[in-house]
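Chain and residue survey
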Amino acid sequence: MEVSQVRYHLRCLNFIAGMVVSDTLVTEFDYERQDASGATCTARAWARVPAPVSAEDRQRLKAQAKELLLRHQAVLVAHYYVDGDLQDLALETGGCVADSLEMARFGRDHAAQTLVVAGVRFMGETAKILSPKKRVLMPTLEATCSLDLGCPEDEFAAFCDAHPDREVVVYANTSAAVKARADWMVTSSCALAIVRHLKSQGRKIIWAPDRHLGRYIQEQTGADMLCWSGACIVHDEFKGTELALLRDKHPQAQVLVHPESPASVVAQADVVGSTSQLLQAVVQGSAREYIVATDNGLMHRMRQLAGDKVLMEAPTAGQSATCKSCAHCPWMAMNALENLVQCLQGQAPEIVVPQPIRQGAVSCIERMLDFVKRHPASLSRPVQGFVPAQGAA
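These notes cover the structure that comes with them. (Residues numbered from 1 in each chain as written. Predicted model: local features only at pLDDT ≥ 70, side-chain atom pairs only at ≥ 80, totals over all residues. Heavy atoms only, no water.)

Turning next to the side chain of T187. Residue placement: T187 occurs in the loop between strand 9 (184–186) and helix 8 (191–200). Residue class for T187 comes out buried when judged on its relative accessible area of 2%. Only 2.9 Å separates the side chain of T187 from the side chain of S189, close enough to count as a polar contact. (Helix = DSSP H or I, 4+ residues; strand = E, 2+ residues; numbered from the N terminus. Buried < 20%, exposed > 50% of the residue type's maximum accessible area, 1.4 Å probe, protein only. Polar contact = N/O pair within 3.5 Å; in protein donor to acceptor, adjacent residues only side chain to side chain.)

Here is the structure:
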């Protein structure tokens, strides 16, 4: 396998080291980590990405996975950013493709007693928090998130304790332990509405962990927000200057941006929104060309639902002129057909959330769910013609 096949351009020191180990590529990279005082430092993380498999092996593995899901009466719930084969498999077997919240809600409401979550670890934890009596499996528990890593439980708790007068609002991309310290959990599709609601009640807010999304919400709502300084290694790589150059070459293209992106990118957007809102913009939009600033895993559903549209990845810094759109999460890429089959065969690894942490975390999630139920307009509406059980992001 050529290292270039699965090379990722990542933030800070970018691509540092890659070596093939047991048909995987181990990639090391840096991310930002804040402490309780608000200071940031650089920390090291890694991802172990499975090697690509042949078309023949893909079909064999998909068939195995289908049989195992049926045998174990399990349902597969997959995130928009995982491999397209996993997204297709979820929909073909009665599962869903969605964001972490909809994945968890789907799993909670589904009759299956075994949920298989294809995504990153905090998504499996959220599913387990909402479905404590169900078995929640994942292809790998090593798939994490830079936002989760960048917001350690103990440092965040100390930060909150230093500001007891503030309501604690955390993004879904956090650990169960951090959620247990929060008053509210939000997703990108309902964050604006919930923060507006809190502002109307005169609440001051601690926001964590994504600084770009926090800045965007603060600008849109005018809320008094004290923001943690985390970032998504994918969205943080989008570059305003490079985007402007691409727009010059495609003046008719609509620019779609996830609000985890830097301000210089958000400022150029025609649509700023969650994954489902960006998906809707492509499906419902009248433009022929779209520049998309989010993880390129979403392109799979976009191409399926709007095959007549031209989709371009928003540029990252890249290592050369041939690597300007490397926006794919290496931890999402750790989910593959092969480790899914192994997970189903061994009924492991399994997500475990200690009961004291779950009891603390479930209240902030249920508070959000109750708000969304009472204010359905706070979420984006589904697009007509979507594949059933796709979900909203």
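This part is about the packing of aromatic side chains. Working definition: an aromatic ring pair is given by the centre-to-centre distance plus the angle between the planes. A complete count under the given rule lists 4 aromatic pairs for this structure. Summarising the aromatic geometry, the rings of F159 and W228 are spaced 5.1 Å apart at their centres and angled 80 degrees between planes, so their arrangement reads as edge-to-face. A residue pair is termed long-range when its members are at least 10 positions apart, and F159 in helix 6 (residues 153–161) and W228 in the loop between strand 11 (225–227) and helix 10 (240–249) qualify at 69 residues. Ring-pair connections join several aromatic residues into one group, and the members of that group are F156, F159 and W228. One residue, R367, lies across the ring of W184, its end atom 5.9 Å from the ring centre. (Phe/Tyr/Trp six-rings, centres within 6.5 Å; stacked < 30°, edge-to-face > 60°. Lys NZ or Arg CZ within 6 Å of the ring centre and 35° of its normal.)

Taking strand neighbours across the sheet as the criterion, the 4 strands line up as 13-12-14-15 in an open arrangement whose pairing is parallel. Bordering the open sheet on either side are strand 13 (271–272) and strand 15 (310–313), each of which pairs with just one other strand. (Pairing = 2+ DSSP bridges.)

A few words on helix 8. Those residues of helix 8 not exposed but buried are A191, I194, V195 and L198. Buried residues of helix 8, viewed axially, fall in a sector of 95 degrees; they line one side. Where helix 8 is buried, its residues touch strand 8 (167–171), strand 9, strand 10 (205–208), helix 9 (211–221), strand 11 and helix 15 (355–374). The first or second residue beyond helix 8 is G202, which carries a positive phi of 75 degrees. (Arc of directions from axis to C-beta. Contact = heavy atoms within 4.5 Å.)

A few words now on the nonpolar core. With 124 residues, the main nonpolar core has V116, F156, W207, M302, W331 and M368 as its most contacted residues. If one sorts the elements of this core by residue count, helix 15 sits on top with 8 residues. (Core = buried A, V, L, I, M, F, W, Y, C linked by side-chain atoms within 4.5 Å.)

Below, the discussion takes up the packing of helix 3 (residues 100–109) against helix 15. Between helix 3 and helix 15, the least distance of the axes is 13 Å, while the angle of their chain directions is 90 degrees. The orientation of helix 3 with respect to helix 15, classified from their angle, is roughly perpendicular. Counting all contacts with helix 3, which are made through L101, R105 and R108, the residues of helix 15 involved are M368, L369 and V372. Class assignment for the residues of the contact of helix 3 with helix 15 results in 4 nonpolar, no polar and 2 charged. (Axes fitted to C-alpha atoms, helices over the stretch in contact; angles between N-to-C directions. Parallel < 35°, antiparallel > 145°, perpendicular 65-115°, else oblique. Nonpolar A, V, L, I, M, F, W, Y, C, P; charged D, E, K, R; others polar.)

Turning to the environment of V271, a few remarks are in order. Relative to the elements of secondary structure, V271 occurs in strand 13. Looking at V271, the relative accessible area reads 24%, which means it is partly exposed. Remark: the alpha-carbon pair of V271 and V255, spanning 16 residues in sequence, is separated by 6.5 Å. Among residues more than four places away in sequence, those in contact with V271 are V255, L256, V257, L278 and A281.

Before going further, it helps to examine the sheet that holds strand 5 (residues 96–98). The sheet built from 4 strands is open, its strands ordered 5-4-6-7 with parallel pairing. Two strands in the sheet have a free side with no partner beyond their single neighbour: strand 5 and strand 7 (135–137). Averaged over all adjacent pairs, the angle separating strand axes in this sheet is 25 degrees, with direction ignored. With 3 bridges joining them, strand 4 (residues 74–79) and strand 5 adopt parallel strand pairing. Within strand 5, the position partnered with V77 by the bridge is C96. Strand contacts of helix 3: strand 4, strand 5 and strand 6 (114–118), with the helix running at about 170 degrees to strand 4, the strand carrying the most contacts. Here helix 4 (residues 121–130) sits on the sheet and contacts strand 4, strand 6 and strand 7; the angle it forms with strand 7, its principal contact strand, is near 170 degrees.

A few words on helix 6. Those residues of helix 6 not exposed but buried are F156, F159 and C160. In an axial view of helix 6, the angular spread of the buried residues amounts to 95 degrees, which keeps them on one side of the axis. Summarising the geometry of helix 6, the exposed residues directed more than 90 degrees from the buried face are D154 and D161.

What follows concerns the environment of G38. Residue position: G38 is located in the loop between strand 2 (24–34) and strand 3 (40–50). Separated by 189 residues in sequence, G38 and C227 have C-alpha atoms that sit 9.1 Å apart.

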